[in-house]
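Below, each chain spelled out in residue letters.
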Amino acid sequence: MTKEQKEKIGHSSILLATNIPNLDISKLLNLIYLMDEVSVKERGIPFFGLSYQIWQSGPVNQELYIDLHNGAKFFSAYFMVRQTLNSPRIIALSKFKDDEFSDSDIDILERLSKKFKYISAKDLAVIAKRPCSLWYRKAKETGVLDLLNQGIANCSEIDLNLSDLLLGQEEKNIKYKEHKKFQMVFEALSKAH
């Protein structure tokens, strides 16, 4: 994860934690994936640009999952994880800053926070894993769907390629590929400094 991705996730999480009562880690992980999915479908570019693997709970970014379950050290300037009786909750530590966001980003962030405000993490996972979803198609295609659904496996290292959401949409597909190239160059330059 780049510094810029962490900042964007941090600020997005502040807004989500402010707008969604009792936001827990599972719901945050699902919302982050869904923001990337919606953004790719609508604009051809991802919201965060994270990679996601096929897990039993749905599409998951492993690095983010690990950090959130270990106290959210990457995001300590933005939010904290407070353990409760039910599940760990996301608590905003500062105010939302929209510097990292385009108008289109803000629209997606606000729309999804309103749409899924009272939807449970479990129900969000069902949405992300519905039969028409990228997660479902890739899990079935790679032969892990039954293993995950039966609880024989709870995660895989199979990556989801968000450009698969754009089959038959050449203009958005080109935009997506150009964005991924830019992101790779940007990450390489960031590591060099």
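Residues numbered from 1 in each chain as written. Predicted model: local features only at pLDDT ≥ 70, side-chain atom pairs only at ≥ 80, totals over all residues. Heavy atoms only, no water.

Asker: Please clarify how the overall build of the chain should be interpreted in this entry.
Answerer: A count of helical and extended segments in the chain gives eight helices and five strands. Listed N to C, the secondary structure of the chain is α-α-β-β-α-β-β-α-α-α-α-β-α in terms of helices and strands. A globule of 193 residues ought to have a C-alpha radius of gyration of about 16 Å, and the chain, at 16 Å, matches this closely. Dimensions of the chain along its principal axes, counting C-alpha atoms only, are 40 × 40 × 35 Å. For the chain, buried positions account for 45% of its 193 residues. Long-range contacts, defined as pairs at least 24 residues apart, comprise 65% of the intrachain contacts of the chain with a sequence gap of at least 6. A total of about 10500 Å² of accessible surface is found on the chain, and carbon and sulfur atoms cover 53% of it. Charge separation in the chain, taken as the distance between the mean sites of 27 positive and 25 negative side-chain charges, equals 4 Å. (Helix = DSSP H or I, 4+ residues; strand = E, 2+ residues; numbered from the N terminus. Rg over C-alpha atoms; globule rule 2.2 N^0.38 Å. Buried < 20%, exposed > 50% of the residue type's maximum accessible area, 1.4 Å probe, protein only. Contact = heavy atoms within 4.5 Å. Areas by Shrake-Rupley, 256 points an atom, 1.4 Å probe, with all protein chains shown as cover. Lys, Arg positive; Asp, Glu negative; His and termini not counted. Charge placed at Lys NZ, Arg CZ, Asp CG, Glu CD.)

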